[in-house]
Amino acid sequence: MVTIINYDRKYAEEIDKLDQEYWGICETTNVSDEIRDQDIVKLAKLEDYIVGIIHFKPIGDLIDAYHLLVKPENQGQGIGNLLMKEALKETLKNDYKTVIAHAVEFEGNINAKKILETNGFQELYRVKNYWESLYLGSYCKQCNSYQCHCGVVVYRKNL
């Protein structure tokens, strides 16, 4: 059974490994290094293992759904949706007006579309070849290339 827990530093190495296994080593910092005290971070734990993370970063009166990641072998089990619902509950305790989220688009598929739309997010805009401009020359596991062609789809949810 999956349980949703609050982030604790003792899981830092586990979530960094989860991120690297899914995306590859393209970022300049680890996920755990980007977590600040005011962030909302929930983890999905199955037995003794972390199988998912959602990380919301406050930016003024909005909050950015910065990371949402579920291990590939655990996808399709509703874990991403559970993480999103718990993080959204937490935002209601604060004065945030809007949640934004970024999803990856590759060959017409949007990786978090179902979770975002199920939870009331609406698409705002799309940017082609977005990730290549951020991580120039880095290997992309989605494209299986050092020249990433993934786009970004930006979503918004008003609270």
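Everything numeric in this text was worked out from a predicted model, so none of it was measured.

> Would you mind showing me how to read the layout of surface pockets here?
Space left empty within the atom packing is revealed by a probe, the size of a water molecule, rolled over the atoms. By volume, the largest pocket amounts to about 1,100 Å³. Lining the largest pocket are 43 residues; nearest its centre among them are Trp 23, Leu 68, His 102, Val 104 and Asn 111. Residues that form the lining of the largest pocket fall into these classes: 24 nonpolar, 13 polar and six charged. Approximately 170 Å³ is the volume attributed to the second largest pocket. Asn 6, Tyr 7, Arg 9, Ser 32, Ile 35, Arg 36, Asp 37, Asp 39, Ile 40, Val 41, Lys 42 and Glu 90 together form the lining of the second largest pocket. Here the element with the most residues in the lining of the second largest pocket is strand S2 (residues 40–46); it accounts for three residues. By residue class, the composition of the lining of the second largest pocket is four nonpolar, two polar and six charged.

> Help me understand the pattern of salt bridges, please; the structure alone is not making it clear to me.
One side chain can pair with another of opposite charge once the charged atoms of both are near each other. Summed over all chains, the structure comprises seven salt bridges. Taking the shortest distance from any N to any O, the salt bridge between Lys 17 and Glu 21 comes out at 3.8 Å. Of this pair, Lys 17 and Glu 21 both sit in helix H1 (residues 12–23), four residues apart, which is roughly one turn of that helix. Classification of Glu 21 as partly exposed rests on a relative accessible area of 41%. A salt bridge links Lys 42 to Glu 90, with the shortest nitrogen-to-oxygen separation between them at 3.4 Å. Highlighted residues: Lys 42 in strand S2 and Glu 90 in helix H2 (residues 79–91), separated in sequence by 48 residues. One network of salt bridges, with partners in common, ties together Lys 42, Glu 90 and Lys 93.

> How do you make sense of the packing of aromatic side chains when you look at a structure like this?
Working definition: an aromatic ring pair is given by the centre-to-centre distance plus the angle between the planes. Tallying each qualifying case throughout the model produces zero aromatic pairs. Positioned over the ring face of Tyr 66 is Lys 57, at 4.9 Å from the centre of the ring.

> Mind showing me how you'd approach the side chain of Asp 16 here?
Mapped onto the elements, Asp 16 comes out in helix H1. Arg 9 provides the closest opposite charge to the buried, unpaired Asp 16, separated from it by 6.7 Å. At 2.7 Å, the side chain of Asp 16 forms a polar contact with the side chain of Ser 32. Among residues more than four places away in sequence, those in contact with Asp 16 are Asn 30, Val 31 and Ser 32.

> Quick question: what am I supposed to make of H1 here?
Each α-helix winds once per 3.6 residues, and so residues spaced three or four apart point in a common direction. Helix length check: H1 (12 residues) gives 17 Å between terminal C-alpha atoms against 16 Å at 1.5 Å per residue, within 8%. Ala 12, Ile 15, Asp 16, Leu 18, Asp 19, Tyr 22 and Trp 23 are the residues of H1 that are buried. The buried residues of H1 occupy an angular sector of 155° when projected down its axis, which confines them to one face. The exposed set on the far side of H1, more than 90 degrees from its buried face, consists of Glu 13 and Lys 17. Against S2, strand S3 (49–59), strand S4 (62–70) and strand S5 (98–106) lie the buried residues of H1.

> Could you clarify how one ought to interpret the nonpolar core in this entry?
A general trend in soluble globular proteins is that nonpolar side chains are found buried together. If you look at the biggest cluster of nonpolar residues, it comprises 24 residues, and the most contacted ones within it are Phe 56, Ile 79, Met 84, Val 99, Leu 116, Phe 121 and Tyr 155. Where this core is concerned, the elements lending two or more residues are S2, S3, S4, H2, S5 and strand S8 (151–158). Counting residues in each nonpolar core, the second largest holds 19 residues, with Tyr 11, Tyr 22, Trp 23 and Cys 143 among its members.

> It is not clear to me how the pairing of S8 should be interpreted in this structure. Could you clarify?
Consecutive residues of a regular strand have side chains that alternate between opposite faces of the sheet. Among the eight residues of S8, six are classified as buried, and the element is accordingly described as predominantly covered. With eight bridges joining them, S5 and S8 adopt antiparallel strand pairing. Note on S8: the bridge partner recorded for Ala 103 is Val 153. Of the strand pairs in this sheet, strand S7 (residues 122–127) and S8 are connected by five bridges, and their pairing is antiparallel. Bridge assignment links Glu 123 to a residue of S8, and that residue is Tyr 155.

Cut-offs applied
Residues numbered from 1 in each chain as written. Predicted model: local features only at pLDDT ≥ 70, side-chain atom pairs only at ≥ 80, totals over all residues. Heavy atoms only, no water. 1 Å grid on protein atoms, 1.4 Å probe; cavity = no way out; pocket = protein on both sides within 12 Å on 5 of 7 lines; lining within 4 Å. Points joined across faces, edges and corners; volume = space filled by probe spheres on them. Nonpolar A, V, L, I, M, F, W, Y, C, P; charged D, E, K, R; others polar. Helix = DSSP H or I, 4+ residues; strand = E, 2+ residues; numbered from the N terminus. Salt bridge = Lys/Arg side-chain N within 4 Å of Asp/Glu carboxyl O. Buried < 20%, exposed > 50% of the residue type's maximum accessible area, 1.4 Å probe, protein only. Phe/Tyr/Trp six-rings, centres within 6.5 Å; stacked < 30°, edge-to-face > 60°. Lys NZ or Arg CZ within 6 Å of the ring centre and 35° of its normal. Lys, Arg positive; Asp, Glu negative; His and termini not counted. Polar contact = N/O pair within 3.5 Å; in protein donor to acceptor, adjacent residues only side chain to side chain. Contact = heavy atoms within 4.5 Å. Expected span 1.5 Å × (residues − 1). Arc of directions from axis to C-beta. Core = buried A, V, L, I, M, F, W, Y, C linked by side-chain atoms within 4.5 Å. Pairing = 2+ DSSP bridges.

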